[in-house]
Each structure stands twice: as C-alpha cells, then as structure tokens.
Amino acid sequence: MKTNWLDYTLLTLVIIGAINWGLIGFFRFDLVAYLFGGQTATVSRIVYTLVGIAAVWCISLLFRERDAADEA
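Residues numbered from 1 in each chain as written. Predicted model: local features only at pLDDT ≥ 70, side-chain atom pairs only at ≥ 80, totals over all residues. Heavy atoms only, no water.

Enquirer: I would appreciate a short explanation of the overall build of the chain in the present structure.
Expert: Per the secondary structure count, the chain includes four helices and zero strands. Shown N-terminal to C-terminal, the secondary structure of the chain runs as helices and strands in the order α-α-α-α. Scored against the burial criterion, the 72 residues of the chain give a buried share of 18%. (Helix = DSSP H or I, 4+ residues; strand = E, 2+ residues; numbered from the N terminus. Buried < 20%, exposed > 50% of the residue type's maximum accessible area, 1.4 Å probe, protein only.)

This is the structure in structure tokens:
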C-alpha cells in the first residue's frame, strides 16, 4: 500500500481532531472553539467539517490492499 500526501494530510487532520476530543474529555476545553471564536463560528465549523471528512477518508486506509513489499 503506497500512501500519498493526501493520506498523510488527512490523517494529520484526524489526529488534530482526536487531540481536540481528548482535551474536551479530560479538561472540558475545546481548543478549536477557543482559537477560532466559539463552536458556532464559521472558521470553527469549517475545521470541524474538514476533520469529519478526513475521518471518513481515513476509514478507507483500513480496507486498502497491502503490497507484499510493505509486509516484509
């Protein structure tokens, strides 16, 4: 399986989203909302949407065929 720049970029967005959810769970602190002016701010909603789309894309990483060279 050859990963490309899009896979890495979207996986990075998913990791950012996961860190944000961890902050919410542990400390009740929403970093995205803090940085961009609240949960309903346009920029915050764009970030949340991009993270959600990235998560859906990353589901495909689980089901891609692996090359024999990758397994060695």
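Back to the write-up after that little detour.
Enquirer: Hey, could you run me through the side chain of aspartate 7 in this one?
Expert: Looking at the secondary structure, you find aspartate 7 in helix α1 (residues 5–27). Classification of aspartate 7 by relative accessible area gives buried; the value is 2%. A distance of 2.6 Å separates polar atoms of two side chains, one belonging to aspartate 7 and the other to arginine 64. (Polar contact = N/O pair within 3.5 Å; in protein donor to acceptor, adjacent residues only side chain to side chain.)

Enquirer: Whenever I open this one, the side chain of aspartate 30 confuses me. Can you help?
Expert: The topology assignment puts aspartate 30 in the loop between α1 and α2 (31–36). Buried and unpaired, aspartate 30 has no salt bridge, with arginine 45 as the nearest side chain of opposite charge at 11 Å. Reaching out from aspartate 30, the side chain makes a polar contact with the side chain of asparagine 20 at a distance of 3.0 Å. Within polar-contact distance, the side chain of aspartate 30 engages the side chain of tyrosine 48 at 2.7 Å. Filtering out sequence-adjacent residues up to four positions away, aspartate 30 remains in contact with Asn20, Ile24, Gln39 and Tyr48. (Lys, Arg positive; Asp, Glu negative; His and termini not counted. Salt bridge = Lys/Arg side-chain N within 4 Å of Asp/Glu carboxyl O. Contact = heavy atoms within 4.5 Å.)

Enquirer: Sorry if this is basic, but what is going on with unusual backbone geometry here?
Expert: Most peptide bonds are trans, and most residues other than glycine sit at a negative phi. A positive phi is found at arginine 28, a non-glycine position, where the angle reads about 55 degrees. Here arginine 28 shows up in the loop between α1 and α2.

Enquirer: Quick question: what am I supposed to make of the packing of α1 against helix α3 (residues 42–63) here?
Expert: Between two packed helices, the angle of one axis relative to the other and the distance separating the axes together describe the packing. At a minimum axis separation of 8 Å, α1 and α3 run at an interaxial angle of 120 degrees. Here α1 lies oblique to α3, going by the angle between them. Two packed elements cross with a definite hand, and for α1 against α3 that hand is left-handed. On the side of α1, the interface is formed by Leu6, Asp7, Leu10, Leu11, Leu13, Val14, Gly17 and Asn20, while α3 contributes Tyr48, Leu50, Val51, Ala54, Ala55, Trp57, Cys58 and Leu61. (Axes fitted to C-alpha atoms, helices over the stretch in contact; angles between N-to-C directions. Parallel < 35°, antiparallel > 145°, perpendicular 65-115°, else oblique. Left-handed = near helix turned anticlockwise from the far one by under 90°.)

Enquirer: Can you walk me through the packing of aromatic side chains in this structure?
Expert: Each pair of aromatic rings is reported with the distance of its centres and the angle of its planes. For the structure on display, the rule yields two aromatic pairs. Consider the rings of phenylalanine 26 and phenylalanine 27, whose centres lie 6.2 Å apart with planes at 50 degrees: the pair is tilted. Residues phenylalanine 26 and phenylalanine 27 agree in their burial class; the two are exposed. Taking the centre distance of 5.3 Å and the plane angle of 55 degrees together, the rings of phenylalanine 29 and tyrosine 34 count as tilted. (Phe/Tyr/Trp six-rings, centres within 6.5 Å; stacked < 30°, edge-to-face > 60°.)

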